[in-house]
Amino acid sequence: LSDAFAAAFGDDAGLLGGGTPVSNLAFLPPEKREALRRINLDYEEMMAKFSAGGVQLPSDRERLKLLREERERDVAALLSPEERLAYELRTSPTAAMVRARYGDGIETEEDFRKIYALQKAFDDRFPAETLRSRSNPEGMRAYADAQRQLQDDIRAAVGEPAYAALRRASDTDL
(Lines give C-alpha, C1' and ligand atoms only; values in the text may rest on other atoms or scores of the structure.)
Protein backbone atom coordinates (compact mmCIF):
# COMPACT_ATOMS: atom_id res chain seq x y z
CA LEU A 1 0.00 0.00 0.00
CA SER A 2 2.80 2.38 0.92
CA ASP A 3 4.57 1.70 -2.37
CA ALA A 4 1.37 2.31 -4.34
CA PHE A 5 0.73 5.53 -2.42
CA ALA A 6 4.28 6.76 -3.05
CA ALA A 7 4.09 5.76 -6.72
CA ALA A 8 0.84 7.64 -7.16
CA PHE A 9 1.78 10.79 -5.26
CA GLY A 10 5.58 10.75 -4.98
CA ASP A 11 6.98 13.28 -2.53
CA ASP A 12 3.60 15.03 -2.58
CA ALA A 13 2.34 12.22 -0.35
CA GLY A 14 3.98 14.14 2.45
CA LEU A 15 5.31 11.27 4.57
CA LEU A 16 8.44 9.15 4.47
CA GLY A 17 7.59 6.12 6.56
CA GLY A 18 7.17 6.55 10.29
CA GLY A 19 5.21 9.73 9.79
CA THR A 20 8.33 11.70 8.87
CA PRO A 21 7.36 14.66 6.67
CA VAL A 22 9.28 14.60 3.40
CA SER A 23 9.87 18.34 3.76
CA ASN A 24 12.11 17.53 6.76
CA LEU A 25 14.37 15.61 4.39
CA ALA A 26 14.56 18.07 1.51
CA PHE A 27 18.30 18.37 2.17
CA LEU A 28 18.75 14.80 0.86
CA PRO A 29 18.74 13.76 -2.80
CA PRO A 30 15.57 11.92 -3.91
CA GLU A 31 17.29 8.53 -4.08
CA LYS A 32 18.42 8.77 -0.45
CA ARG A 33 14.95 9.90 0.64
CA GLU A 34 13.52 6.82 -1.10
CA ALA A 35 16.10 4.55 0.51
CA LEU A 36 15.26 6.02 3.95
CA ARG A 37 11.57 5.50 3.26
CA ARG A 38 12.21 1.83 2.48
CA ILE A 39 14.40 1.34 5.56
CA ASN A 40 11.79 2.95 7.83
CA LEU A 41 8.90 1.00 6.35
CA ASP A 42 10.76 -2.32 6.55
CA TYR A 43 11.70 -1.83 10.18
CA GLU A 44 8.26 -0.50 11.15
CA GLU A 45 6.75 -3.66 9.72
CA MET A 46 9.16 -5.88 11.65
CA MET A 47 8.77 -3.87 14.87
CA ALA A 48 4.97 -3.96 14.70
CA LYS A 49 5.11 -7.73 15.30
CA PHE A 50 6.59 -7.18 18.75
CA SER A 51 4.58 -4.20 19.90
CA ALA A 52 1.06 -5.18 18.89
CA GLY A 53 -1.54 -6.39 21.36
CA GLY A 54 -0.56 -4.23 24.33
CA VAL A 55 1.34 -6.98 26.19
CA GLN A 56 5.08 -6.83 25.74
CA LEU A 57 7.35 -9.51 27.12
CA PRO A 58 10.98 -8.84 28.05
CA SER A 59 12.01 -10.85 24.99
CA ASP A 60 9.87 -8.53 22.83
CA ARG A 61 11.62 -5.48 24.29
CA GLU A 62 15.00 -7.05 23.52
CA ARG A 63 13.96 -7.76 19.93
CA LEU A 64 12.69 -4.19 19.53
CA LYS A 65 15.95 -2.84 20.90
CA LEU A 66 17.91 -5.00 18.45
CA LEU A 67 15.73 -3.87 15.54
CA ARG A 68 16.20 -0.20 16.50
CA GLU A 69 19.97 -0.72 16.62
CA GLU A 70 19.94 -2.46 13.23
CA ARG A 71 17.85 0.34 11.73
CA GLU A 72 20.34 2.89 13.06
CA ARG A 73 23.19 0.92 11.45
CA ASP A 74 21.35 0.82 8.12
CA VAL A 75 20.68 4.57 8.25
CA ALA A 76 24.32 5.24 9.20
CA ALA A 77 25.49 3.14 6.24
CA LEU A 78 23.25 5.10 3.86
CA LEU A 79 24.02 8.63 5.01
CA SER A 80 27.24 10.58 5.35
CA PRO A 81 28.04 11.77 8.90
CA GLU A 82 26.81 15.30 8.03
CA GLU A 83 23.59 13.94 6.48
CA ARG A 84 23.02 11.69 9.48
CA LEU A 85 23.37 14.58 11.93
CA ALA A 86 20.97 16.67 9.82
CA TYR A 87 18.56 13.70 9.73
CA GLU A 88 18.72 13.25 13.52
CA LEU A 89 18.24 16.99 14.11
CA ARG A 90 15.01 16.77 12.13
CA THR A 91 13.58 13.36 13.01
CA SER A 92 14.97 11.94 16.26
CA PRO A 93 12.89 11.64 19.43
CA THR A 94 15.42 13.89 21.17
CA ALA A 95 14.96 16.64 18.58
CA ALA A 96 11.17 16.30 18.76
CA MET A 97 11.31 16.57 22.55
CA VAL A 98 13.53 19.68 22.40
CA ARG A 99 11.12 21.33 19.94
CA ALA A 100 8.09 20.34 22.03
CA ARG A 101 9.61 21.51 25.31
CA TYR A 102 11.14 24.80 24.18
CA GLY A 103 9.34 25.60 20.91
CA ASP A 104 9.53 29.26 19.99
CA GLY A 105 11.90 29.92 22.86
CA ILE A 106 14.74 28.67 20.66
CA GLU A 107 15.70 31.68 18.59
CA THR A 108 18.56 30.37 16.43
CA GLU A 109 19.62 27.13 14.81
CA GLU A 110 22.90 27.40 16.70
CA ASP A 111 21.01 27.42 20.02
CA PHE A 112 18.90 24.46 18.87
CA ARG A 113 22.06 22.50 18.03
CA LYS A 114 23.61 23.29 21.42
CA ILE A 115 20.47 22.28 23.30
CA TYR A 116 20.08 19.17 21.14
CA ALA A 117 23.65 18.05 21.87
CA LEU A 118 23.15 18.47 25.61
CA GLN A 119 19.74 16.75 25.58
CA LYS A 120 21.09 13.91 23.42
CA ALA A 121 23.88 13.25 25.93
CA PHE A 122 21.27 13.23 28.71
CA ASP A 123 18.97 10.89 26.75
CA ASP A 124 21.87 8.55 26.01
CA ARG A 125 22.66 8.42 29.72
CA PHE A 126 19.01 7.90 30.71
CA PRO A 127 17.27 6.04 27.87
CA ALA A 128 13.49 5.88 27.96
CA GLU A 129 13.50 2.10 28.29
CA THR A 130 15.34 2.39 31.63
CA LEU A 131 12.55 4.32 33.36
CA ARG A 132 12.21 1.43 35.78
CA SER A 133 15.68 2.18 37.17
CA ARG A 134 14.30 5.48 38.45
CA SER A 135 11.94 3.66 40.80
CA ASN A 136 14.65 3.24 43.42
CA PRO A 137 15.85 6.19 45.53
CA GLU A 138 19.39 6.17 44.13
CA GLY A 139 18.16 6.07 40.54
CA MET A 140 15.68 8.87 41.20
CA ARG A 141 18.37 10.99 42.85
CA ALA A 142 20.83 10.44 39.98
CA TYR A 143 18.15 11.31 37.43
CA ALA A 144 17.09 14.48 39.29
CA ASP A 145 20.71 15.59 39.69
CA ALA A 146 21.34 14.99 35.98
CA GLN A 147 18.21 17.00 35.08
CA ARG A 148 19.42 19.94 37.17
CA GLN A 149 22.86 19.68 35.58
CA LEU A 150 21.28 19.59 32.12
CA GLN A 151 19.43 22.84 32.83
CA ASP A 152 22.65 24.43 34.13
CA ASP A 153 24.50 23.28 31.01
CA ILE A 154 21.78 24.69 28.74
CA ARG A 155 21.91 28.01 30.60
CA ALA A 156 25.70 28.14 30.17
CA ALA A 157 25.48 27.17 26.48
CA VAL A 158 22.87 29.72 25.36
CA GLY A 159 23.35 32.53 27.88
CA GLU A 160 21.03 34.01 30.45
CA PRO A 161 18.62 35.99 28.17
CA ALA A 162 18.07 33.04 25.81
CA TYR A 163 17.70 30.68 28.75
CA ALA A 164 15.01 32.93 30.26
CA ALA A 165 13.15 32.73 26.93
CA LEU A 166 13.48 28.94 26.97
CA ARG A 167 12.11 28.75 30.51
CA ARG A 168 9.14 30.93 29.55
CA ALA A 169 8.46 28.77 26.48
CA SER A 170 8.51 25.58 28.56
CA ASP A 171 6.35 26.98 31.41
CA THR A 172 2.92 25.36 31.06
CA ASP A 173 1.37 28.07 33.23
CA LEU A 174 2.25 30.67 30.60
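What counts, and at which threshold
Residues numbered from 1 in each chain as written. Predicted model: local features only at pLDDT ≥ 70, side-chain atom pairs only at ≥ 80, totals over all residues. Heavy atoms only, no water. Phe/Tyr/Trp six-rings, centres within 6.5 Å; stacked < 30°, edge-to-face > 60°. Helix = DSSP H or I, 4+ residues; strand = E, 2+ residues; numbered from the N terminus. Buried < 20%, exposed > 50% of the residue type's maximum accessible area, 1.4 Å probe, protein only. Axes fitted to C-alpha atoms, helices over the stretch in contact; angles between N-to-C directions. Parallel < 35°, antiparallel > 145°, perpendicular 65-115°, else oblique. Left-handed = near helix turned anticlockwise from the far one by under 90°. Contact = heavy atoms within 4.5 Å. Nonpolar A, V, L, I, M, F, W, Y, C, P; charged D, E, K, R; others polar.

Peer 1: Could you give me a rundown of the packing of aromatic side chains, with the residues and numbers involved?
Peer 2: Each aromatic ring pair is specified by the distance between its two centres and by the angle formed by the two planes. Tallied over the full model, the rule gives four aromatic pairs. When the ring of F122 is compared with that of Y143, the centres are 5.5 Å apart and the planes differ by 55°; the resulting orientation is tilted. Of this pair, F122 sits in helix α6 (residues 109-125) while Y143 sits in helix α7 (residues 137-158), placing them 21 residues apart in sequence. Residues F122 and Y143 agree in their burial class; the two are buried. The interplanar angle of 85° and the centroid separation of 5.2 Å between the aromatic rings of F126 and Y143 together place this pair among those described as edge-to-face. Separated by 17 residues along the polypeptide, F126 in the loop between α6 and α7 and Y143 in helix α7 bring together distant segments of the chain. A single burial state applies to F126 and to Y143, both of which are buried.

Peer 1: Could you give me a rundown of the packing of α6 against α7, with the residues and numbers involved?
Peer 2: Put simply, α6 and α7 touch, their axes get as near as 10 Å, and they point 165° apart. With respect to their mutual orientation, α6 and α7 come out roughly antiparallel. Of the two elements, α6 crosses α7, and the hand of that crossing is right-handed. Across from D111, K114, I115, L118, Q119, F122 and R125 in α6, the residues of α7 making contact are Y143, A146, Q147, L150, D153, I154, A157 and V158. Looking at side-chain class alone, the contact of α6 with α7 contains nine nonpolar, two polar and four charged residues.

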